[in-house]
Every structure is written in C-alpha cells, then in structure tokens.
Amino acid sequence: MKLIILCLIISISLHLLLFNDYKLTQKPDLSEKALKKEIKAKVTFVKIKKEKKPIKKVVVKKQKAPKKKIAKKVVKKRPITKKVSKKLIKAPEKINYKKRRVSKVPSQKKMKALKNRTLEDFLSQADPVDQKVLNEIQKLYGREFETFTKVQKVFIEKNFNSFQVITQRVLTRLGYPQLAIERRLSGRNVIEFLFHPNGDISNLKITRSSGYDVFDKYSIKLIEIAYKDYPRPKTTTKLKFNVQYRLY
C-alpha cells in the first residue's frame, strides 16, 4: 500500500511540473482583440474635479446720513455795570396825577374854515400873474370878479391862459367850420360856464356873440369836448374866456 501511495504522489508531482513547463513555453496572444482587452484592463478613469472660482464678496458701504448742524446759541455777554454806591442814588421825583384839561375837538365848520384859510394862504403865495392877463380878466368879469373868494380868484388868474390854449388846441384838432371856410369868415366870442371840483360843468352859454351863428354853435361843441382837459378847481368857479376863430 505504501508503494502505491508513493507512486500516486510521484505521478501527481510529475503532472504538475509538466503543466508548468507548458504554460511557460506557450507564446502570448498578440492579436488586436487581446491588446484592446489588455489596454482596457490597464486604463483607469480618473474624475477631474472642476476648480471652484472664489466668489468675491461685494461689500456695500452704508452712506452715513449728514449730520445736522446745530446752531449754537450766542449768548451776549451783558456789560458789566459798575456798582453804584447807595449814597449817589436819588429818590424818584413825585409825579403829580392831577387831571389835565382835554381840549375839545373843533367842529366841522371850524375845520372847513381852517382848510380854506390854509388854501387861500398857499394860493396867495403863487408867482405874480402877468398884467395883461389881469386886465383881460377885468374886462371879461368886471365888478363880479371882486365878489369871488381868494381861492377862486387865484385859480382863474393862474389857469386863464391854459383854458384858452386847450380850447384852441381842440379847435385845430376838430378843424375849422366848413361854412366859415367857404365864406372866409373869422371872429371871436366869449364863453361862460360853472366849473365844479368833480370835473362837471353847468350853465354853458355864449355871453358875447361873434356875430356869426356858425362860430357860436361851434364854440358850445368845443367846450363840451375841451373841458375834460381843464385843470379842476377846489371850489365851484365861474369861468369866462375868449374863443378865437382866425382863418389863415
């Protein structure tokens, strides 16, 4: 039995040795398939990690609210007063609380009289009037002029020429009467009316005719237009002056 076992062991070991020699002597397979298999076996896949870009943090600066300027209170320094000795201080004088007589308010009549006096005094200080003007006024008014107040007299003396100038200016603007042009007429008449402080007129009439009805009617129309430009009186005054018609 022992021999049989030894023989089996020896035969097995020989078979193993022969099998190993066969593997060593066998050439490797160099075909494309075998190479691809070997390459696939050797290739290892590596995952590439993407580099993460650093995120920049944006810092927003908070704007500071402007500080309110606080107005400084200026404290004025009081002037330093010198101490006054008690000896120099005098006792306050006694005040008499007796009732004083209150002057009465002047009446309306007295007030008007005062106004008229002051107005008359003011007008009497005016520049002297030309003697020719005074003579013409005396001819037109006669003794009636002496019955007027100082205010009325001065108003007539100062504005006598202006009444005539304004009237003649309106006459040139309106034009000479057509009938007088055709007949080559000329003349002069005297007009009279009451002139009021508010600018109105009344009792308009011809006191001395030119001798032609054309001029007399035309003078009435002239005054009704021209009186609006006359200087106004302070009191109602009677006006009387010449209207000249002269064909050049």
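Residues numbered from 1 in each chain as written. Predicted model: local features only at pLDDT ≥ 70, side-chain atom pairs only at ≥ 80, totals over all residues. Heavy atoms only, no water.

Side note on the overall build of the protein chain
Thought 1: Broken down by element type, the protein chain carries seven helices and three strands.
Thought 2: Secondary structure elements in the protein chain, listed N-terminal to C-terminal, are α-α-α-α-α-α-β-β-α-β.
Thought 3: Within the protein chain, the fraction of its 248 residues that count as buried is 21%.
Thought 4: When contacts within the protein chain are restricted to residue pairs at least 6 apart in sequence, long-range pairs at least 24 apart make up 72% of them.
Thought 5: Accessible surface, the protein chain as shown: approximately 23,600 Å² in total, 58% of it carbon and sulfur. (Helix = DSSP H or I, 4+ residues; strand = E, 2+ residues; numbered from the N terminus. Buried < 20%, exposed > 50% of the residue type's maximum accessible area, 1.4 Å probe, protein only. Contact = heavy atoms within 4.5 Å. Areas by Shrake-Rupley, 256 points an atom, 1.4 Å probe, with all protein chains shown as cover.)

Digging into helix α4 (residues 131–141)
Thought 1: Where α4 is concerned, the buried positions are Val133, Ile137, Leu140 and Tyr141. The buried residues of α4 occupy an angular sector of 80 degrees when the element is viewed end-on, so they sit on one face. Of the residues in α4, the exposed ones pointing more than 90 degrees away from the buried face are Lys132 and Lys139.
Thought 2: In this structure, the buried side of α4 is in contact with α5 (150–174), β1 (187–195) and β3 (237–245).
Thought 3: At the exit of α4 stands Gly142, carrying a positive phi of roughly 70 degrees. (Arc of directions from axis to C-beta.)

What about the environment of Lys217?
Thought 1: As for its placement among the helices and strands, Lys217 is situated in helix α7 (residues 213–226).
Thought 2: What makes Lys217 exposed here is its relative accessible area of 54%.
Thought 3: Along the chain, Lys217 and Lys205 lie 12 residues apart, while their C-alpha atoms are 9.8 Å from each other.

Examining the layout of surface pockets
Thought 1: For the largest pocket, the calculated volume is near 170 Å³.
Thought 2: In this structure, the largest pocket is lined by Gln168, Leu171, Thr172, Gly175, Tyr176, Gln244, Arg246, Leu247 and Tyr248.
Thought 3: Of the residues that constitute the lining of the largest pocket, the class distribution is four nonpolar, four polar and one charged. (1 Å grid on protein atoms, 1.4 Å probe; cavity = no way out; pocket = protein on both sides within 12 Å on 5 of 7 lines; lining within 4 Å. Points joined across faces, edges and corners; volume = space filled by probe spheres on them. Nonpolar A, V, L, I, M, F, W, Y, C, P; charged D, E, K, R; others polar.)

Some details on the sheet that holds β1
Thought 1: Read from one edge of the open sheet, three strands run β2-β1-β3, paired in antiparallel fashion. Of all the strands in the sheet, just β2 (201–208) and β3 have a single pairing partner and so form its edges. Within this sheet the neighbouring strands show an average axis-to-axis angle of 25 degrees, counted without direction.
Thought 2: Across nine bridges, the pairing between β1 and β3 is antiparallel. Counterpart to Glu192 in the pairing with β3 is Lys240. (Pairing = 2+ DSSP bridges. Axes fitted to C-alpha atoms, helices over the stretch in contact; angles between N-to-C directions.)

Quick notes on the packing of α5 against α7
Thought 1: For the pair α5 and α7, the least separation of the axes is 9 Å and the interaxial angle reads 110 degrees. As summarised for this structure, α5 and α7 are arranged roughly perpendicular, according to the angle between their axes. The segment α5 lies against α7, with Ile166, Thr167, Val170, Leu171, Arg173 and Leu174 engaging Tyr218, Leu222, Ile223, Ile225 and Ala226.
Thought 2: Broken down by class, the residue content of the contact of α5 with α7 amounts to nine nonpolar, one polar and one charged. (Parallel < 35°, antiparallel > 145°, perpendicular 65-115°, else oblique.)

Digging into the nonpolar core
Thought 1: Ranked by internal contacts, the top residues of the largest apolar core, which has 31 residues, are Tyr141, Ile156, Phe193, Tyr230, Leu239, Phe241 and Tyr245.
Thought 2: Tallying contributions element by element places α5 first for this core, with seven residues.
Thought 3: In this structure, Tyr230 is in contact with Phe163, Ile166, Thr167, Phe193, Phe195, Ile223 and Phe241, ignoring residues within four places of it in sequence. (Core = buried A, V, L, I, M, F, W, Y, C linked by side-chain atoms within 4.5 Å.)

Comments concerning the packing of α4 against α5
Thought 1: At a minimum axis separation of 10 Å, α4 and α5 run at an interaxial angle of 85 degrees. Between α4 and α5, the angle falls in the class roughly perpendicular. Listed contacts from α5 to Val133, Leu134, Glu136, Ile137, Leu140 and Tyr141 of α4 are Ile156, Glu157, Phe160, Asn161 and Gln164.

Overview of the side chain of Asp216
Thought 1: Mapped onto the fold, Asp216 is located in helix α7.
Thought 2: No salt bridge forms around the buried Asp216; measuring N to O, its nearest opposite-charge neighbour Lys217 is 9.4 Å away.
Thought 3: Of the polar contacts made by the side chain of Asp216, one reaches the side chain of Asn189; its length is 3.1 Å.
Thought 4: Contacts of Asp216, omitting those with residues within four sequence positions, involve Asn189, Ile206, Ser209 and Ser210. (Lys, Arg positive; Asp, Glu negative; His and termini not counted. Salt bridge = Lys/Arg side-chain N within 4 Å of Asp/Glu carboxyl O. Polar contact = N/O pair within 3.5 Å; in protein donor to acceptor, adjacent residues only side chain to side chain.)

Thoughts on the pattern of salt bridges
Thought 1: Summed over all chains, the structure comprises four salt bridges.
Thought 2: Notably, a salt bridge pairs Glu144 with Lys238, separated by 2.6 Å at the nearest N-O pair. Taken together, the residues Glu144 in the loop between α4 and α5 and Lys238 in strand β3 connect sequence positions 94 residues apart.
Thought 3: Take Lys238: its relative accessible area is 22%, and that puts it in the partly exposed class.
Thought 4: A salt bridge links Lys240 to Glu192; the nearest nitrogen and oxygen atoms lie 3.3 Å apart. Here Glu192 lies in strand β1 and Lys240 lies in strand β3, a separation of 48 residues in the sequence.

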